[in-house]
Amino acid sequence: MNLPHTTIKDQNNSINGSSGEPRQVEQIITSQSTSDGAGVRLKRSIGSHLLAHLDPFLLLDEFRSDNSNDYIAGFPSHPHRGFETVTYMLAGSMEHKDSRGNQGVLKTGCVQWMTAARGIVHSEMPIQENGLMWGFQLWVNLPAKDKMKQSNYQDINSQDIPEVILENGIRIRIIAGESQGVLGAVRGVAVDPLYLDIFMPENTFFNQPVAKDHSSFVYVFEGKIEVGATKHQAGQLIHKGQLAVLSDGQVINAQSVDASARFLLIAGKPLNEPIVKYGPFVMNTEEEIEQAIHDFRKGKFID
C-alpha cells in the first residue's frame, strides 16, 4: 500500500497544549563505540555496560560511516532465538538472507521487523562498496509464551511508512504505533511498540501521548533537543549520540533549541519476565539458553 504524506493542523505546538503528566529524563546514556558482526563499527546505547536493557528493549545500535572499511565486512550468518530484531535504514543498502530461504534488500528508508522466535540463521551484508551506510538496529524481547513460535517478518518499503508533516514543519515517520491519529506501518507486535523518527526545525515544540505503563526513551542522532519541558520548568538537554531514559507519564514533550534536530522516540510494554542472555539468544532461564545452543549446533534453526 502507498500511504501519502499527510499534513495536519498543529493544535498542540506549545507546552500548554500538552495533556497528561509529562515524562521526565531519568538517565542519559552516551552511546559507546564498539564493533559487531565481522567488525562493523557502531555506537551502542542500550546493551552497553551503561544500560544492559530497558524492558522490553535489549539493544540499540547506530551504525553510521562513509568509510567502507567500517562496514564492508557486514554481519555474516549468525543465529537468533527468543526476541525480535528491527533494522531501520537511513542511508545505504543491506542484503538479507536467512535459513528459511528468504532474501531481500533493505534500502534507504526501509524497515525490517524480524521475529526470530524459536530460531533463525541470517546474514546482513552491505551491497555497496562505498558511500554512506547509516541506520539502527533495535532488539525487542518476546514474552515467554512467544519465544518458541515460528519466525516471521514484516518488511516495510520506505514509501509504505506513513509520514505526518505538521504546520510548523515537524515531520514524523510512524514506523510503529500511532501519532497524530495516524497508525504506523508495523502491526501485531507483542509489546505494542511506538517507534517514531521525528525531525524538528529549530525552535519548535512537539508532544506525543504514550501509554502510562510503557517504557520509553529518545535517541538523538542529529542536533539536540530538550525533553520533559513543562509550564514550570525547562526540559533536559539531550545531545546527538545520547539516549534519554524517561520516567513514567502520559506524554513526552520535546523542544528543539537553536537548530534543527532529529531523533527516535520509542516506547513499549515491559514484559516483567526474567532475562537470560547469551550472545544472540535471549530466553528466560539458563536451561533454555543451553537448549538453544544445543538446537543450533544440531541444525534445528533451519526450518
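Our subject is the structure listed above.
Quick caveat, the model's predicted, so the values are computed rather than measured.

A.B. asks: Can you help me understand the sheet that holds strand β22 (residues 236–239) in this one?
C.D. replies: Sheet strands line up and pair through hydrogen bonds in the backbone, either parallel or antiparallel. Strand order in this open sheet of 4 strands is β19-β24-β21-β22, and the pairing throughout is antiparallel. Since the sheet does not close on itself, it has two edges, and those belong to β19 (205–209) and β22, each with one partner. Mean inter-strand twist for the sheet, computed between neighbouring axes without regard to direction, equals 30°.

A.B. asks: Got a minute to help me understand the pairing of strand β7 (residues 83–91) in this structure?
C.D. replies: Working note: regular strand, side chains alternate between the two faces of the sheet. Extensive coverage of β7 is indicated by the burial of 9 of its 9 residues. Where β7 meets strand β12 (residues 133–141), 8 bridges bridge the pair, whose relative direction is antiparallel. Its bridge partner lying in β12, Thr87 is registered against Gln137. Across 5 bridges, the pairing between β7 and strand β10 (residues 111–115) is antiparallel.

A.B. asks: Quick question: what am I supposed to make of the nonpolar core here?
C.D. replies: The nonpolar side chains of soluble globular proteins are, as a tendency, buried together. Membership of the largest hydrophobic core comes to 33 residues, with the highest contact counts inside it found for Phe136, Leu138, Tyr195, Phe217 and Leu243. At the level of secondary structure, the elements contributing two or more residues to this core comprise β5 (57–65), β7, β10, β12, β15 (171–176), β20 (215–222), β23 (242–246) and β25 (261–268). Those residues in contact with Leu138 that lie beyond four places of it in its chain are Phe57, Leu59, Leu60, Glu84, Thr85, Val86, Tyr195, Phe217 and Ile266. Of all hydrophobic cores here, the second largest spans 26 residues; its members include Ile174, Leu194, Val227 and Ile252.

A.B. asks: Can you walk me through empty space enclosed by the protein in this structure?
C.D. replies: The gaps of empty space that remain are located by a probe, the size of a water molecule, rolled over the atoms. Tallied over the full model, the rule gives 1 cavity of 30 Å³ or more. Taken as a whole, the largest cavity encloses approximately 40 Å³ of empty space. Forming the walls of the largest cavity are Val40, Phe63, Tyr71, Gly74, Phe75, Met94, Pro126 and Met133. Among the residues making up the lining of the largest cavity, the classes are represented as 7 nonpolar, 1 polar and no charged.

A.B. asks: Can you help me understand the packing of aromatic side chains in this one?
C.D. replies: Aromatic rings considered in pairs are described by the distance between their centres and by the relative angle of their planes. On inspection of all chains with the given rule, the structure shows 7 aromatic pairs. Ring centres of Phe57 and Phe217 lie 5.5 Å apart, and the angle between their planes is 85°; on these two criteria the pair is classed as edge-to-face. Here Phe57 is found in strand β5, whereas its partner Phe217 is found in strand β20, with 160 residues between them in sequence. On the accessibility criterion, Phe217 (0% relative accessible area) is buried. Ring geometry for Trp134 versus Phe221: centroids 5.8 Å apart, planes at 80°, classification edge-to-face. Of the two residues, Trp134 is situated in strand β12 and Phe221 in strand β20; the sequence distance between them amounts to 87 residues.

Thresholds, definitions, all that
Residues numbered from 1 in each chain as written. Predicted model: local features only at pLDDT ≥ 70, side-chain atom pairs only at ≥ 80, totals over all residues. Heavy atoms only, no water. Pairing = 2+ DSSP bridges. Helix = DSSP H or I, 4+ residues; strand = E, 2+ residues; numbered from the N terminus. Axes fitted to C-alpha atoms, helices over the stretch in contact; angles between N-to-C directions. Buried < 20%, exposed > 50% of the residue type's maximum accessible area, 1.4 Å probe, protein only. Core = buried A, V, L, I, M, F, W, Y, C linked by side-chain atoms within 4.5 Å. Contact = heavy atoms within 4.5 Å. 1 Å grid on protein atoms, 1.4 Å probe; cavity = no way out; pocket = protein on both sides within 12 Å on 5 of 7 lines; lining within 4 Å. Points joined across faces, edges and corners; volume = space filled by probe spheres on them. Nonpolar A, V, L, I, M, F, W, Y, C, P; charged D, E, K, R; others polar. Phe/Tyr/Trp six-rings, centres within 6.5 Å; stacked < 30°, edge-to-face > 60°.

Geometric values such as these leave the question of function open.
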